[in-house]
Amino acid sequence: MDGMDHGMASPPSSMNMNNNTGMMMTMHMTFFWGKNSQILFSGWPGTSSGMYALALIFVFVLAVLVEWLSHCRLIKPESNHVVAGLIQTSLHAMRVGLAYLVMLAVMSFNGGVFLIAVVGQTLGFLLFGSRLFKKSTPPSKTSDLPPC
């Protein structure tokens, strides 16, 4: 039985797809390096270095925002519990939506996007979640939302 492939081929490292414009697009299934990728939207950022840099900045900002929403305190303790619950639910929905966008961007399998997403989440945690910039001991409640 060893060495038999049972008629199954190994998965390709990339797949060619037609995008209805007559142009062939390659969807990578392994990490790759380069600016020619598709991140989040069809045809974006394309082949332009400037647009690729903008895409990296966009993913970085999304990652930092996810960390900010994970550690922010926007609801006052004396707030009406119904209003506070609705605000907390809205913040949770925004955090989950942004986190899914970061995840989908990383699923482009572009090495630069992966690294910039990790750097954005790390910097966001350093700024908003770590004790580096906090002078007092941590309060019992550190944010309005539970941890991811």
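Bear in mind that the values here come from a model prediction, so they are computed numbers and not experimental data.

Caption draft 1: Layout of the overall build of the protein. What the protein contains, in helices and strands, is three helices and four strands. Listing every helix and strand of the protein by position from the N terminus yields β-β-β-β-α-α-α. Within the protein, buried positions represent 25% of all 148 residues. Looking at the protein as shown, the accessible area adds up to about 10,200 Å², and 68% of this sits on carbon and sulfur atoms.

Caption draft 2: Summary view of the environment of valine 113. Structurally, valine 113 is set in helix H3 (residues 111–128). Considered as a pair, valine 113 and alanine 53 are 60 residues apart in the sequence and their alpha carbons are 9.9 Å apart. Setting aside its immediate chain neighbours within four residues, valine 113 contacts Ile39, Tyr52, Leu56, Val59, Ala105, Val106 and Ser108.

Caption draft 3: Structural view of the side chain of serine 108. Residue position: serine 108 is located in the loop between helix H2 (81–106) and H3. Assessed through its relative accessible area of 12%, serine 108 is described here as buried. Contacts of serine 108, omitting those with residues within four sequence positions, involve Phe32, Gln38, Ile39 and Val113.

Caption draft 4: Quick look at the nonpolar core. By size, the foremost hydrophobic cluster in this structure holds 18 residues, and its most contacted members are Ile39, Val59, Val102 and Val113. For this core, the elements supplying multiple residues, two or more each, are helix H1 (49–71), H2 and H3. For this core, the element with the highest residue contribution is H1, accounting for eight residues. If near-sequence neighbours (up to four positions away) are discounted, valine 59 is found in contact with Ile39, Val102, Ala105, Val113, Ile116 and Ala117.

Caption draft 5: Just the side chain of serine 37, in detail. Along the chain, the position of serine 37 falls in strand S3 (residues 37–38). Its relative accessible area of 9% is what places serine 37 among the buried residues.

Caption draft 6: Region of the structure containing unusual backbone geometry. Residue proline 45 follows tryptophan 44 across a cis peptide bond; omega there is 10°. Positionally, proline 45 belongs in strand S4 (residues 45–46). Of note, leucine 40 is a non-glycine position whose phi angle comes to about 70°, a positive value. If you trace the backbone, leucine 40 turns up in the loop between S3 and S4. Positive phi outside glycine occurs at phenylalanine 109, with the angle close to 65°. Of note, phenylalanine 109 is situated in the loop between H2 and H3.

Caption draft 7: Spotlight on the packing of H2 against H3. Two elements in contact, H2 and H3, have axes separated by 8 Å at closest approach and are oriented at 150°. As the angle between them shows, H2 and H3 are arranged roughly antiparallel. Seen from H2, the contacting residues are Val102, Ala105 and Val106; seen from H3, they are Val113, Phe114 and Ala117.

Basis of the calculations
Residues numbered from 1 in each chain as written. Predicted model: local features only at pLDDT ≥ 70, side-chain atom pairs only at ≥ 80, totals over all residues. Heavy atoms only, no water. Helix = DSSP H or I, 4+ residues; strand = E, 2+ residues; numbered from the N terminus. Buried < 20%, exposed > 50% of the residue type's maximum accessible area, 1.4 Å probe, protein only. Areas by Shrake-Rupley, 256 points an atom, 1.4 Å probe, with all protein chains shown as cover. Contact = heavy atoms within 4.5 Å. Core = buried A, V, L, I, M, F, W, Y, C linked by side-chain atoms within 4.5 Å. Axes fitted to C-alpha atoms, helices over the stretch in contact; angles between N-to-C directions. Parallel < 35°, antiparallel > 145°, perpendicular 65-115°, else oblique.

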